[in-house]
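Secondary and tertiary structure notes
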Amino acid sequence: MSLDKDTVRTIANLARLEVRDDELDHLAGELSNIMTFVEQLAEVNTDGVQPMTSVAAMDLPRRPDVVTDGNCRDKILANAPEQQDGFFLVPKVVE
Amino acid sequence: MTKLTNLTMADARKALAAKEFTAVELVDAHIKQAEKAKPLNAFVTETFDLAREQAKASDVRIAKGEAGAMEGLPIGMKDLFCTEGVRTTACSKILSNFVPPYESTVSGNLKKAGAVTIGKTALDEFAMGSSNMTSAFGNVENPWKRKSDPSVKLVPGGSSGGSASAIASRSVMAATGTDTGGSIRQPAAFCGIVGIKPTYGRCSRWGVVAFASSLDQAGPMTRSVRDAAIMLGAMAGHDPKDSTSAPMPVPNFEAALTGDIRGLKVGIPKEYRPDGLSAEVQALWDNGIAMLKDAGATPVEISLPHTKYALATYYIIAPAECSSNLARYDGLRYGVRVEGKTLDEMYSKSRAAGFGKEVRRRILVGTYVLSAGYYDAYYAKAQKVRRLIADDFAKAFQTVDVILTPTAPSAAFGMGETDDNPVTMWLNDVFTIPTSMAGLPGLSLPGGLSADGLPLGLQLIGRPFDEETVLRVADVMEKAVGFNALPAFVEV
């Protein structure tokens, strides 16, 4: 499988990763290489095999639907690059 | 008397109880050694002052007879474990200023057991790498040197390379590691120490910076098998905050070291002898098999037919999970932020500035294999092959009790000795990844030295939640190997 520059640009946009135009060729080459490597899986017969979503042989535990944490706004905001009046600050999203 | 920095934790614990020295003296001796070994760059953040305070508190508890299982023992904490009030970077630029307001369960458990952390150890960025060369805080050096050319700087392996280097250089007695595809076992092999990745679910993942959540597992790295048993006991345990944490009691792992492995069946997988495997590694493995035979165990040839697909499966599943997990780094709530005109531009610029090349590569691969139209062909397919790999092990364990393989296909390599193809670097983990895919416990211990004077590791793989058998066999092998070689930076 070979990825072209446009595909790399699309994936990078989906992943919200800015990629410069002059990096696209190199990245397309690297990613194509990796995809070619993983494509060997196509030769494995997996008919009737259930996908393995977890190696833990257990059911997801349940707990009572009650608040167990909270009242720590300042702790949560302590690492925020920008904050104001107890809120995270983001660039304007609504015109 | 043995130098304080050359003691095992088991011996130091006895000596502390017998008041032969204090925890403050023990911790100070290691801080001094860490300062001497500073050129190795094993630590991202040193917490020497905090450690001295904790050591004083340990001495008080020892005097009162209230010592925990690791009271006063100086350790390193992989910088992937969130530590309250102490910067936690995952060796990424994007977290270079992150100070967690909470403590990970595992580091908290170790603190409760009395362990004293003298610093946060370096890793490959977000634990993605096998050389420690993807860290945003510089390469870590392996204290071991080639006989043929001691001037070559060798990698400590990765991703837990800072922990391995710090232990081998006697800067700490032990350290935490995490293992997603071999990140405890491969650096343990490269640095001549012991490391065990426990069964998935044995140690809580809560508060550990996530890479690939269905694979990540924390474990101890130490200089002896007994120390690994002690430390695993302190780290492990059910944690309601991690829904995949196993609700099982923690056995007394030390009690499993009976020295008796007579009658055990040891699986020798024929697929781990690929063409081109170095004669040296083959000989090491054969020697390990002979040791087990001498101790009364029976080697049995087994087949794990899907072994050759494990690497490709891993490099779909791990990047897929990584791309999801790392979506949280948005420059908004924590970490590095680069301004943009719009919210999306801020995300894209922050992430481009904050992530290194290997992490970026894996996020892109992961995003691609999860994207519409490709999900079934790649991700779902990999999940199916993953089940076949796990089934291979389950079948083998119907006839054998434990499996023996080499840990890595080579000894530590030199910085810059690999080519630019990322797939070549990934081959380092070819013997460790299948165990991770199946969630099984795997331990690496030193099996001997290469002709060029570098440590080589042997791997023992066990049934789910049977770390006890793995440790019991490892303890017997450790005695048979009698590994006592020392790296540079270490004086007897």
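Residues numbered from 1 in each chain as written. Chains lettered and ligands numbered in written order. Predicted model: local features only at pLDDT ≥ 70, side-chain atom pairs only at ≥ 80, totals over all residues. Heavy atoms only, no water.

**Quick word on the overall build of chain A**
Along the backbone of chain A there are three helices and two strands. Reading chain A from its N end, one meets helices and strands in the order α-α-α-β-β. The C-alpha extent of chain A, read off along each of the three principal axes, is 55 × 45 × 25 Å. Counting every position in chain A, which comprises 95 residues, the buried fraction comes to 31%. Taking all contacts inside chain A whose residues are at least 6 apart in sequence as the whole, residues at least 24 apart take part in 31%. Surface exposure of chain A reaches about 6,900 Å², of which carbon and sulfur atoms provide 49%. Of the side-chain charges in chain A, 9 are positive and 18 negative, and the distance between the mean point of each set is 9 Å. (Helix = DSSP H or I, 4+ residues; strand = E, 2+ residues; numbered from the N terminus. Buried < 20%, exposed > 50% of the residue type's maximum accessible area, 1.4 Å probe, protein only. Contact = heavy atoms within 4.5 Å. Areas by Shrake-Rupley, 256 points an atom, 1.4 Å probe, with all protein chains shown as cover. Lys, Arg positive; Asp, Glu negative; His and termini not counted. Charge placed at Lys NZ, Arg CZ, Asp CG, Glu CD.)

**Remarks on the sheet that holds strand S11 (residues 455–462) of chain B**
All names here are of chain B. Taking strand neighbours across the sheet as the criterion, the 11 strands line up as S1-S3-S2-S4-S6-S5-S10-S11-S9-S7-S8 in an open arrangement whose pairing is mixed. Where the open sheet ends on each side, the last strands, each with one partner, are strand S1 (43–46) and strand S8 (298–302). Within this sheet the neighbouring strands show an average axis-to-axis angle of 30°, counted without direction. When strand S7 (residues 265–269) meets S8, the two strands line up parallel, connected through five bridges. Directly across from isoleucine 268, in S8, lies its bridge partner glutamate 301. (Pairing = 2+ DSSP bridges. Axes fitted to C-alpha atoms, helices over the stretch in contact; angles between N-to-C directions.)

**Considerations on the interface of chain B and chain A**
Reports of interface size often rely on the accessible area that becomes lost once the parts have come together. With 67 residues of chain B at the interface, the matching set in chain A holds 49 residues. Broken down residue by residue, the surface that chain B buries against chain A is led by B:Arg360, B:Leu364 and B:Tyr368, which jointly contribute 13%. Connecting chain B to chain A are seven salt bridges. Among the ionic pairs, B:Arg337 bridges to A:Glu82, the shortest N-O distance being 3.9 Å. There are 18 residue pairs in polar contact (both at pLDDT 80 or more) connecting chain B and chain A. (Buried area = accessible area lost by both parts, 1.4 Å probe. Salt bridge = Lys/Arg side-chain N within 4 Å of Asp/Glu carboxyl O. Polar contact = N/O pair within 3.5 Å; in protein donor to acceptor, adjacent residues only side chain to side chain.)

**A few points about the pattern of salt bridges**
Proximity of charged atoms lets side chains of opposite charge pair with each other. Residue and element names in this part refer to chain B. Considering all chains together, one arrives at 38 salt bridges over all chains under this definition. Residues glutamate 339 and arginine 337 are paired through a salt bridge, measuring 3.3 Å at the closest nitrogen-oxygen approach. You can call glutamate 339 partly exposed: its relative accessible area is 43%. Given a relative accessible area of 15%, arginine 337 falls into the buried group.

**Some remarks on the environment of B:Asp124**
Residues and elements named next belong to chain B. Positionally, aspartate 124 belongs in the loop between strand S3 (116–121) and helix H5 (161–168). Look at aspartate 124 and you get buried, because its relative accessible area is 0%. Between the C-alpha atoms of aspartate 124 and serine 92, which are 32 residues apart in sequence, the distance is 8.4 Å. Ignoring any residue separated from it by four or fewer positions in sequence, one finds aspartate 124 in contact with Ala90, Gly129, Ser130, Ser131, Asn132, Met133, Thr134, Ser135, Gly158 and Ser159. From its side chain, aspartate 124 meets the backbone nitrogen of serine 130 in a polar contact 3.4 Å long.

**A short note on unusual backbone geometry**
Outside of glycine, negative phi angles account for most residues, and trans bonds account for most peptide bonds. Residue B:Gly158 is joined to B:Ser159 through a cis peptide bond whose omega torsion reads 10°. Mapped onto the elements of the fold, B:Ser159 is located in the loop between S3 and H5. Although it is not a glycine, A:Asp85 sits at a positive phi angle of roughly 50°. Examined against the element boundaries, A:Asp85 turns out to sit in the loop between strand S1 (83–84) and strand S2 (87–88). According to the relative accessible area criterion, A:Asp85 is exposed, its value standing at 62%. Residues other than glycine seldom take positive phi values, yet B:Lys19 does so here, at roughly 60°. Within the secondary structure layout, B:Lys19 lies in the loop between helix H1 (9–17) and helix H2 (23–36).

**Focus on a nonpolar patch on the surface**
Together, A:Val90, A:Val93 and A:Val94 make up a nonpolar patch on the protein surface, roughly 260 Å² of accessible area in all. Along the chain, the position of A:Val90 falls in the segment after S2. (Patch = residues over 30% accessible without salt bridge, like charges linked within 9 Å, V, L, I, M, F, W, Y side chains within 5 Å.)

**Comments concerning the pairing of strand S5 (residues 194–197) of chain B**
Where a strand is regular, its side chains alternate between the two sheet faces. Residue and element names in this part refer to chain B. Of the two faces of S5, both are covered, the one formed by Val194 and Ile196 as well as the one formed by Gly195 and Lys197. For S5 and strand S10 (residues 442–449), the ladder comprises three bridges, and the chain directions are antiparallel. Within S10, the position partnered with glycine 195 by the bridge is serine 444.

**Quick look at helix H9 (residues 310–325) of chain B**
Here H9(B) is 16 residues long and its end C-alpha atoms lie 22 Å apart, about the 22 Å a rise of 1.5 Å per residue gives. Where burial is concerned, most of H9(B) is hidden: 15 out of the 16 residues are buried. (Expected span 1.5 Å × (residues − 1).)

**Observations concerning the confidence of the model for chain A**
Within chain A, residue pLDDT values average 93, and 99% of them lie at 70 or more. When the elements of chain A are averaged for pLDDT, helix H3 (residues 73–77) of chain A gives the smallest value, 94, and helix H1 (residues 5–14) of chain A the largest, 96. (pLDDT = per-residue confidence, 0-100.)

**A short note on the packing of aromatic side chains**
Describing an aromatic ring pair means giving the distance of the ring centres and the angle of the ring planes. All names here are of chain B. The full count for this structure, using the stated rule, is 14 aromatic pairs over all chains. With a centroid separation of 4.6 Å and an interplanar angle of 35°, the aromatic rings of tyrosine 368 and tyrosine 374 are classed as tilted. Overall, tyrosine 368 belongs to the buried group, its relative accessible area being 3%. Judged by relative accessible area, which is 29%, tyrosine 374 ranks as partly exposed. Each residue in the set Phe98, Phe126, Tyr329, Tyr334 and Phe355 is aromatic and connected to the rest through ring pairs, giving one cluster. Against the face of tryptophan 206 rests lysine 241, its NZ or CZ located 3.9 Å from the ring centre. A cation over a ring is seen here: arginine 273 above tryptophan 285, with NZ or CZ 4.2 Å from the ring centre. (Phe/Tyr/Trp six-rings, centres within 6.5 Å; stacked < 30°, edge-to-face > 60°. Lys NZ or Arg CZ within 6 Å of the ring centre and 35° of its normal.)

**Notes on helix H4 (residues 105–112) of chain B**
Residue and element names in this part refer to chain B. A large share of H4 lies buried, amounting to six of its eight residues. Of all the residues in H4, the buried ones are Thr105, Val106, Ser107, Gly108, Asn109 and Leu110. Each element contacted by the buried residues of H4 is listed here: strand S2 (74–78), strand S4 (174–179), strand S6 (217–222) and helix H7 (225–235). Of the residues trailing H4, glycine 114 is marked for its positive phi of about 100°.

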